[in-house]
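The residues making up each chain are set out below.
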Amino acid sequence: MTFKAKINAPDIEPKIRHPRIFDTFDNLEDGETLELTNDHDPRPLHYQFMMEREGKFEWSYLEEGPDIWRVAITKR
């Protein structure tokens, strides 16, 4: 899988983390993928994507802990 962008969430200040992820996602072209790496399951972010970008993304876990979670988020 090829990633257009990669984000390591723990490197981003918490109050701007989700906005930065959404900005990066919004700048993808259809079919491009963002790789998100986190130190916990980003389930709340997934729920936020379902609410705010319904039908516009595909979410696939690449790695599911216990120390690192990696997710591919593809723009539709």
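As shown above, the structure is provided for reference.
Values in this document were obtained by computation on a predicted structure and should not be read as measured data. (Residues numbered from 1 in each chain as written. Predicted model: local features only at pLDDT ≥ 70, side-chain atom pairs only at ≥ 80, totals over all residues. Heavy atoms only, no water.)

Caption draft 1: Just the pattern of salt bridges, in detail. This structure, assessed with the given rule, holds eight salt bridges. Linking glutamate 52 and arginine 53 is a salt bridge whose minimum nitrogen-to-oxygen distance equals 3.7 Å. Its relative accessible area of 16% is what places arginine 53 among the buried residues. The salt bridge involving arginine 70 is made with glutamate 63; its shortest N-O contact spans 3.6 Å. A residue is classified by how much of its surface remains accessible, and arginine 70, at 24% relative accessible area, is partly exposed. Three or more residues joined by partner-sharing salt bridges are found here, namely Lys6, Glu35, Glu63 and Arg70. (Salt bridge = Lys/Arg side-chain N within 4 Å of Asp/Glu carboxyl O. Buried < 20%, exposed > 50% of the residue type's maximum accessible area, 1.4 Å probe, protein only.)

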